[in-house]
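Working through the structure, step by step
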Amino acid sequence: MTNLKPIDLRCELLAAPKGLNTPYPRFGWGLSAEGNGARQSAYEICVGDEEADVARGIGNYWQSGQTASSETLFITYAGNPLQSDLTLYWSVRVWDETSEPSAWSAPLSLMTGLMARSDWDAEWIARYFVLPAGREAPADDLYDNPWQARPADYLRREFDARGPVVRATAYVTALGLYELYLNGTRVGDEVMAPGWTDYHQRVIYQAHDVTDLIGAGQNAIGAIIGEGWYSGRVGHNQRRAGNHYGGRPALLCQLHLTYADGSVERVVTDPSWRTSRGPVCYSDFLMGEHYDARLDMPGWAIAGFDDTRWQPVEAFSPEPREPALSAAKSQPVREVARLDGRYLHRAKSGAAIFDFGQNFAGYVELTAQARRNDRFTLRHAEILDGDGELYMANLRHAVCVDHFTAAGTGSERFKPRFTFHGFRYLELTLPEGVVLDDFTVTGIAIQSDTPQSGQLETGNALVNQLISNIEWSQRGNFLSVPTDCPQRDERLGWSADAQVFWRTAGYNMDVAGFLAKWFDDITDAQLPDGAFTDIAPSRPLNPYKQSAQPGAPGWGDGPIIMAWQHYLRYGDAGLLSAVYPALQRWMTHIGGANPDFIRTQNVYNNYGDWLSVGPASDRTMVATAYWVLVADLMAKIATVLGKDSDHADYSGLAQDVRRAFRTAFVAEDGRISGDTQTAYLLALDFDLLPATQRASAAARLIDKLDAANGHLQTGFLGVKHLCPVLTNIGRADYAYRLLLNESYPSWGFSIQQGATTIWERWDGWTPERGFQSANMNSFNHYAYGAVGEWLYARMAGIDWEASAPGFRTIRMRPLFEREIGWVKAAYRAATGVVESAWRYDGDTIIWSIAVPPNCRAEIELADGPDNIAIDGLPLAISTSEHLFDQQTTRFALDSGRFTISISLPQGIAA
């Protein structure tokens, strides 16, 4: 039997989907093997409803049979169409290049969802509508608060299982947030479920196998629902702070009980449920949560609980229309890390200040021995001011304060349910008589639980901290949607922040399902005239109008850029096909308004190179440059989808806009309008210039860097191009200088100030000025972390190749640098694990790589090495010269593990 084996099995981009939206799912896997040259020559997939049978390769739903193919990505199920409400298992085995089969992979589960609205009998239920504060009239009671934030609603009902239950599945969602309980046990480990969508159009639901939670006879089902994104405070406009989608949270739940005789009973949300307020006095993303343990209701989700004083729910149809119901396409938000709080000192108020050592998104778990009526107040902040106090001015209108009132029952635990904060520091106000030994505080980080795909470490401490900062900024902001920041009164899904960072995001984590979900939000938000929006979901942005804010250049262009990058990273043409009509509408929206091919109309809030330092870039130039980029990408997308006439149209458009760009913005001496670093970066990276002017533009870029004393002057749009463009023009030395700078402005400067995440502004804090404007100064904003793609693709040398997407071919072009010392990287691609590790050994570089089975590596080494040996055998070197006089050695390797020794040319090794 071969040692070639399938790994990382995926069905519709997920390891074990809980609810499929299609009767014809797609399967995929990576490969691993010992030895070199391994390839897949055939595969066989089986799908069935008995796990033990599938483990032996027997599937009663689909048996593909041995299929001669090297393909491992996006193989479509070809059995009878799958129906709703199924739990199935699937497995795959492969044959190697010698026709030896592997063992069957361990089966993975897949659950189909409720694919049609007619599959749902449940009704939306909620506590009857009352004022936003959740009370009949102001009563100065525990449920009153200055923000009119509602208390969480508790809902329950009991049901009788009329016989042995062999399978039980719960389908559940909310307008707002929910936690589901069966017989007193919490169902699932998700937090902030079901996630953020435009609830007027679409709601995500989760599916849970709850067979083990159903008992014989009487059972109880219950839920707690909170406001969340639906009716709580979201965004940064106090003129319309909350109630963006509705005024009260609601629950939709359907429990399927399958009995031994094959019959199915449904327990659904309907008017038979009852509701009450409870100990969650209010819970709001921006304001925080107040939990009063004196109001606990022990046993409320257990059969036999006395709910006679609870009220009947109201069943209703959401306004303005009932949203579509979609099974989850992405991993849910979960608790992913726990951080111990370290006591620092007392604040001026006497409160205790704690440091969790890391800026993150989440909340604090408090465990305390306290007396009844003791109240703890927890305030959260990203940074301390010069006096050691919490700096909270940059939170703007977000209060970010939690309260816990103890019941006096011994050791008590408080952890918020329906709020989260962006913070590193905690100020804890203690009841009188409570001392440090009486309690513990633990930070809990949450994020959409996208699997880690990349690992990167170097011999340089500053670079390692930068890598960590980038990863933690992604963790803190990839929370149902890719937000800009997790702390202040904003937390919106800005598309430019995402598009400049998306290549980096995909190296850090598997974001395939995450983007598939967000693309639903993006297309749901698209306006009737074809305009994409600045943010998605789009409602909370503009307080003066009900329609969404159309996308600016670089922002509205983001979906095209991310769709193409998704295809290159994962080889998924299916997403391209699904979103292509929406992308076309955006292109029509731009083109129809700018017949002279200069992008001056339909630019909306034309942000330009947002938050750049130094000279400002010409915004019309930036906008027109982006138009060329997206036209080029649309031509490539059209080719992938087999739309030849569209390819010709978009290619022609790109050339027309290029010509207009050169006429309008490029002088005879090659200078570009605005004469900024970003102007030359975009011109070079987007191929905007004729070949005769590329060298002068490259020289001018170097002049601009020299004039800035080797420092960057870019903003959100320019930053991602810095190191890649400098490398492409043969100035990797400048790229490394930027990377390793520790003086302002640079990545290293923020690290020297103690940053553990990426800052929104290069000058978020400086010794000369102190804090930047409190009106916009986040210390956890991932956009400037876009350099992460260069760290993986060029420093480590693990890059995709556009001609063979999905990392079927790996382009390996490492940039060796003595100040880095050594690099060790691994990337879990859709096709398998790619590894690259290099180190200096005197005048020789030792470079070890691993190429997955079925794949090949296209290797390029700059600076013309004198000698190269692979596993001790000399390689015949052929050196080629290309643009900017770079000497490059190229060769290819098939799959396997290799050690490459590189002797540096005279002068390089010194």
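What you see is a predicted model; the values in this text were computed from it and never measured. (Residues numbered from 1 in each chain as written. Predicted model: local features only at pLDDT ≥ 70, side-chain atom pairs only at ≥ 80, totals over all residues. Heavy atoms only, no water.)

**What about the overall build of the protein?**
Under the convention used in this document: For helices the rule is a DSSP run of H or I covering at least 4 residues; for strands it is a run of E covering at least 2, with both sets numbered from the N terminus onward. Throughout, radius of gyration means the C-alpha value; the globule benchmark is 2.2 Å times the number of residues raised to the power 0.38. Partly exposed residues are those whose accessible area sits between 20% and 50% of the maximum for their type, while under 20% is buried and over 50% is exposed, using a 1.4 Å probe and protein chains only. Residue contacts are defined here by distance: any two heavy atoms, one from each residue, within 4.5 Å place the two residues in contact. Per-residue accessibility takes into account occlusion by the displayed protein chains alone, with areas from the Shrake-Rupley method and a 1.4 Å probe. The charge count includes Lys and Arg as positive and Asp and Glu as negative, but it does not include His or the ends of the chains. Charge positions come from single atoms, namely NZ of Lys, CZ of Arg, CG of Asp or CD of Glu.
If you tally the helices and strands in the protein, you get 15 helices and 49 strands. Its C-alpha atoms give the protein a radius of gyration of 29 Å, near enough to 29 Å, the size a compact globule of 910 residues would have. Viewed in the frame of its principal axes, the protein has a C-alpha envelope of about 85 × 70 × 60 Å. The burial tally for the protein puts 63% of its 910 residues in the buried class. Pairs at least 24 residues apart make up 75% of the contacts formed inside the protein by residues separated by at least 6 positions. If you sum the accessible surface of the protein, you get close to 31,800 Å²; carbon and sulfur atoms cover 47% of it. Treating the 78 positive side-chain charges of the protein as one cloud and the 108 negative ones as another, the clouds have centres 2 Å apart.

**Quick word on the sheet that holds strand β46 (residues 873-874)**
Keep this limit in mind: Between any two strands, at least two bridges found by DSSP are needed for them to pair.
Taking strand neighbours across the sheet as the criterion, the seven strands line up as β34-β41-β42-β43-β49-β45-β46 in an open arrangement whose pairing is antiparallel. Two strands in the sheet have a free side with no partner beyond their single neighbour: β34 (454-458) and β46.

**Overview of the pairing of strand β40 (residues 809-812)**
The pairing of strand β39 (residues 799-800) with β40 spans two bridges and is classified as antiparallel. Along β40, the bridge assignment pairs tryptophan 800 with isoleucine 810.

**Things to note about the state of the cysteines**
What counts is decided by this rule: Here, the term disulfide refers to a pair of cysteine sulfur atoms separated by no more than 2.5 Å.
For the coordinates displayed, the defined rule picks out zero disulfides. Cysteine cysteine 281 shares no disulfide, and the gap to the nearest cysteine sulfur, in cysteine 400, comes to 19 Å. Judged by its relative accessible area of 0%, cysteine 281 is buried. Unpaired in this structure, cysteine 485 has its nearest cysteine sulfur neighbour in cysteine 400, at a distance of 10 Å. For cysteine 485, a relative accessible area of 0% gives the class buried.

**Comments concerning the packing of aromatic side chains**
Rules: Between rings of Phe, Tyr and Trp, where Trp is taken as its six-membered ring, a pair exists when centres lie within 6.5 Å; planes separated by under 30 degrees are stacked, by over 60 edge-to-face, and by other angles tilted.
Under the counting rule described, the total for this entry stands at 57 aromatic pairs. Ring centres of tyrosine 181 and tryptophan 300 lie 5.3 Å apart, and the angle between their planes is 70 degrees; this geometry places the pair in the edge-to-face category. A residue pair is termed long-range when its members are at least 10 positions apart, and tyrosine 181 in strand β12 (residues 177-182) and tryptophan 300 in the loop between β20 (288-292) and β21 (311-312) qualify at 119 residues. A single burial state applies to tyrosine 181 and to tryptophan 300, both of which are buried.

**Details of the environment of alanine 548**
Summarising the element assignment, alanine 548 is placed in the loop between α5 (512-525) and α6 (558-570). Look at alanine 548 and you get buried, because its relative accessible area is 9%. Taking C-alpha positions, alanine 548 is 7.6 Å from leucine 527, a pair spaced 21 residues apart along the chain. Other than its neighbours up to four places away in sequence, alanine 548 contacts Leu527, Thr533 and Ser538.

**With respect to the pattern of salt bridges**
Keep this limit in mind: Should a side-chain nitrogen of Lys or Arg be within 4 Å of a carboxyl oxygen of Asp or Glu, the pair is scored as a salt bridge.
For the structure on display, the rule yields 57 salt bridges. Glutamate 314 is the salt-bridge partner of arginine 248, the closest N and O atoms lying 3.0 Å from each other. Separated by 66 residues along the polypeptide, arginine 248 in the loop between α2 (228-231) and β16 (250-259) and glutamate 314 in strand β22 (residues 314-316) bring together distant segments of the chain. According to the relative accessible area criterion, arginine 248 is buried, its value standing at 9%. On the basis of relative accessibility, which here comes to 32%, the residue glutamate 314 falls in the partly exposed class. The salt bridge involving arginine 396 is made with glutamate 490; its shortest N-O contact spans 2.9 Å. Residue arginine 396 is found in the loop between β29 (390-391) and β30 (401-405), and its partner glutamate 490 is found in the loop between β36 (481-482) and α4 (495-508); the two are separated by 94 residues along the sequence. Looking at glutamate 490, the relative accessible area reads 7%, which means it is buried. Through salt bridges with shared partners, a single ionic network connects Asp669, Arg671, Asp675, Arg700, Asp703 and Lys704.

**Some details on the sheet that holds strand β6 (residues 75-76)**
If you walk across this open sheet you meet the three strands as β1-β2-β6, and the pairing is antiparallel. Only two strands of the sheet have a single partner each, and these edge strands are β1 (5-11) and β6. Taken together, the five bridges between β1 and strand β2 (residues 26-32) define a ladder with antiparallel strand orientation. Each bridged residue has a counterpart across the sheet, and for cysteine 11 the counterpart in β2 is phenylalanine 27.

**A few points about helix α11 (residues 691-707)**
Our working definition: One less than the residue count of a helix, multiplied by 1.5 Å, gives the span that helix is expected to have.
Compared with an ideal rise of 1.5 Å per residue, which puts 17 residues at 24 Å, α11 spans 25 Å between its outermost C-alpha atoms and is within 8% of the ideal. Considering only its buried residues, α11 is in contact with α10 (677-685), α12 (722-728) and α13 (732-740). Downstream of α11 by a residue or two, asparagine 709 has a phi angle that is positive, lying close to 60 degrees.

**Quick notes on the packing of helix α3 (residues 461-477) against α4**
For the record, the criterion: A fitted line through C-alpha atoms serves as each axis, taken over the contacting stretch for helices, and the angle formed by two N-to-C directions is quoted from 0 to 180°. Note on angle classes: values under 35 degrees are labelled roughly parallel, values over 145 roughly antiparallel, values of 65 to 115 roughly perpendicular, and the remainder oblique. Charged means Asp, Glu, Lys or Arg here, nonpolar means Ala, Val, Leu, Ile, Met, Phe, Trp, Tyr, Cys or Pro, and polar covers whatever is left, Gly included.
Viewed as axis vectors pointing N to C, α3 and α4 meet at an angle of 95 degrees, and their least axial separation amounts to 11 Å. In terms of orientation, α3 and α4 fall into the roughly perpendicular class. Between α3 and α4, the residues in contact are Ile470, Glu471 and Gln474 and Phe501, Thr504, Ala505 and Asn508, respectively. Split by residue class, the contact of α3 with α4 holds three nonpolar, three polar and one charged.

**A short note on the environment of glycine 215**
Its location among the elements puts glycine 215 in the loop between β14 (202-209) and β15 (217-226). A relative accessible area of 32% means that glycine 215 is categorised as partly exposed. It is 7.3 Å that separates the C-alpha atoms of glycine 215 and alanine 161, two residues lying 54 residues apart in sequence. When residues no more than four places from it in sequence are discounted, the contact partners of glycine 215 are Ala161 and Asn183.

**Points about helix α8 (residues 619-640)**
Here is the rule: Pairing of N or O atoms within 3.5 Å defines a polar contact, subject to two protein rules: one partner must be a possible hydrogen donor and the other a possible acceptor, and residues neighboring in sequence count only if both atoms are side-chain atoms.
The end-to-end C-alpha distance of α8 is 32 Å, a good match for the 32 Å that 22 residues give at a rise of 1.5 Å each. Within α8, 17 of the 22 residues are buried, which leaves it mostly tucked inside the rest of the structure. With a side-chain oxygen lying 2.9 Å from the backbone nitrogen of threonine 620, the N-terminal cap of α8 falls on aspartate 618. Positive phi shows up at glycine 642, right after α8, with a value of about 70 degrees.

**Notes on unusual backbone geometry**
In the segment running from alanine 536 into proline 537, the intervening peptide bond is cis, with an omega of -10 degrees. Within the secondary structure layout, proline 537 lies in the loop between α5 and α6. Backbone torsion omega between tyrosine 744 and proline 745 reads -10 degrees, so that peptide bond is classified as cis. For proline 745, the location among the structural elements is in the loop between α13 and α14 (747-752). The backbone of aspartate 85 sits at a positive phi, close to 60 degrees, despite the residue not being glycine. Tracing the sequence through the fold places aspartate 85 in the loop between β6 and β7 (87-95). Positive phi, close to 55 degrees, is recorded for arginine 396, a residue that is not glycine. With relative accessibility at 24%, the residue arginine 396 sits in the partly exposed group.

**Here's the deal with the pairing of β20**
Burial analysis of β20 places five of its five residues in the buried class, the great majority of the element. Neither face of β20 is left uncovered, since the one carrying Gly288, His290 and Asp292 and the one carrying Glu289 and Tyr291 both have all their residues buried. Note that strand β19 (residues 280-284) and β20 share four bridges and pair antiparallel. Pairing of aspartate 284 across the sheet is with glycine 288, part of β20.

**A closer look at the side chain of threonine 197**
Note that threonine 197 resides in the loop between β13 (185-186) and β14. Take threonine 197: its relative accessible area is 1%, and that puts it in the buried class. Among the polar contacts made by the side chain of threonine 197, one reaches the main-chain carbonyl oxygen of arginine 202 at a distance of 2.5 Å. Not counting chain neighbours up to four residues away, the residues in contact with threonine 197 comprise Arg202, Val203, Ile204, Tyr245, Lys517, Asp521 and Pro537.

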